[in-house]
Amino acid sequence: MKKINCAIIGFGNVGKLQANFIVKNKNTNLVYVCEKNLKIIKKNEFKFKDIKWILNENIIFNDKDIDLVIICSYDNSHFDQIIKCIKFKKNIFCEKPFCQNLTQLKKINKYLIKNQSIKFSSNLILRTISEFKYLKKIIDNKKIGDLYYSEADYNYGRLNKITKGWRGSIPFYSVISGGGVHVIDLICYLLEEYPSSVYAAANKIVTKKLNFRYNDFLVSILKFKSQNISKVTANFGSTTKHHHQIKIFGTKGTFLKEYENSKLIMNRDNAEKRVKNISFDNKYSKNELLKYFIKSLNKKSLYHKIPTYNESMKVMLICFAIEKSFQTNKEIKIDYKKLSLS
């Protein structure tokens, strides 16, 4: 297997996590880390002595030996860095959201169509959680019958990160693209379907008097051609720890993940013998998608194990439709082929 030469842009929590993985992976070389915060460099460079720490990201793009760029920078930098990756023929693994508006999405799509040899994926990690893998399995084998309604709540519970961290200081931040995108991807992955339209509402009651300029709560209804309906929320002001709530309703059974408890219910009369309490280890590998992405660069057959660009693009388009809906107070229809909203 050919060793993959990698570079990381941004060395926050996720960048450091990915760096540790790449350094330990026998199939990768971590050549560069681009980080503009000198304090972060000083704190970490002794742990990664064989890596070139740089301030100028263009050094990465101009190095012909770099195969993969892992983008862990702030959300408002992703688009420009992706365009540079495409221009200089680098494979791309990007933190979500990989862009911030529809214009950017169309441009990335246009460039990637012209450069189909470039592999692209986004770090939509909820697919890798064992509980949701189990849920996917019982949905696929029709154990809970035909699905008709689902709910997915992204309860962030880290208020200081949006009022004091970079999320509140960049020119624009979206709670649906920055967090809710995870549960949108999960719902679409479980249903194997993407909504034809969305309707949304939002508020910022929690952060009304705090240093955060954008909505901190959003709720959206997703409508599918199959007549399935989903409700999705991005709740960044929740007085909880960071967690996800998932509810899947089928004609034969119901799956409920509520805070720290999960149940599979297979009857309507609440007989305890037909209610299965499910216990999973909540720990999961935040490197799993990157691991398979790296493997897929040498073995194309593994590409199905990660969110493809087409899947990531559709999820971003849904996020932009949701933002347009709460801004216009209208139901927004989605055309995935034309990348348009109406």
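Residues numbered from 1 in each chain as written. Predicted model: local features only at pLDDT ≥ 70, side-chain atom pairs only at ≥ 80, totals over all residues. Heavy atoms only, no water.

1. Here's the deal with the overall build of the protein
Logical step 1: A count of helices and strands for the protein gives ten helices and 16 strands.
Logical step 2: On C-alpha atoms alone, the protein measures out to a radius of gyration of 20 Å, which is about the 20 Å that the 2.2 N^0.38 rule sets for 342 residues.
Logical step 3: Oriented by its inertia axes, the alpha-carbon framework of the protein measures out at about 65 × 45 × 40 Å.
Logical step 4: Burial statistics for the protein: of 342 residues in total, 56% are counted as buried.
Logical step 5: For the protein, long-range pairs separated by at least 24 residues make up 68% of all intrachain contacts whose partners lie at least 6 apart in sequence. (Helix = DSSP H or I, 4+ residues; strand = E, 2+ residues; numbered from the N terminus. Rg over C-alpha atoms; globule rule 2.2 N^0.38 Å. Buried < 20%, exposed > 50% of the residue type's maximum accessible area, 1.4 Å probe, protein only. Contact = heavy atoms within 4.5 Å.)

2. Some remarks on the nonpolar core
Logical step 1: One finds F98, L105, I108 and I248 to be the most contacted residues of the largest nonpolar core, which totals 83 residues.
Logical step 2: Contact partners of L105, with chain neighbours within four places excluded, come to F98, C99, Y309, M313, M316, L317, F320 and L339.
Logical step 3: Counting 24 residues, the second-largest nonpolar core is a separate cluster that includes C6, I51, Y292 and F293. (Core = buried A, V, L, I, M, F, W, Y, C linked by side-chain atoms within 4.5 Å.)

3. So, the sheet that holds strand β10 (residues 229-235)
Logical step 1: Pairing is mixed across the open sheet formed by ten strands, whose spatial order is β14-β13-β12-β11-β7-β10-β9-β8-β15-β16. Each having just a single partner strand, β14 (275-278) and β16 (340-341) make up the two edges of the open sheet.
Logical step 2: Relative to the sheet, helix α6 (residues 130-140) contacts β7 (147-155), β11 (243-250), β12 (254-258), β13 (261-265) and β14, its axis offset from that of β12 by approximately 165 degrees.
Logical step 3: Each of β7, β9 (217-223), β10 and β11 touches helix α8 (residues 175-191); the most contacted strand, β7, lies at about 150 degrees to it. (Pairing = 2+ DSSP bridges. Axes fitted to C-alpha atoms, helices over the stretch in contact; angles between N-to-C directions.)

4. Some thoughts on the packing of aromatic side chains
Logical step 1: Across all of its chains, the model carries 20 aromatic pairs by this definition.
Logical step 2: With 6.1 Å between their ring centres and 20 degrees between their planes, Y154 and Y156 make a pair best called stacked. In this structure, Y154 and Y156 share a single accessibility class: buried.
Logical step 3: Taken together through their ring pairs, the aromatic side chains of Y74, Y154, Y156, W166, F172, Y173, F212, Y214 and F236 make up a single cluster. (Phe/Tyr/Trp six-rings, centres within 6.5 Å; stacked < 30°, edge-to-face > 60°.)

5. Focus on the sheet that holds strand β6 (residues 120-122)
Logical step 1: Strand order in the open sheet formed by six strands is β3-β2-β1-β4-β5-β6, and the pairing between neighbours is parallel. Edge positions in the open sheet fall to β3 (52-54) and β6, since each of these has one partner strand only. Averaged over all pairs of adjacent strands, the angle between their axes in this sheet comes to 20 degrees, without regard to strand direction.
Logical step 2: Pairing between strand β4 (residues 68-71) and strand β5 (residues 91-94): four bridges, direction parallel. In the sheet register, I71 faces β5, and the bridge partner there is C94.

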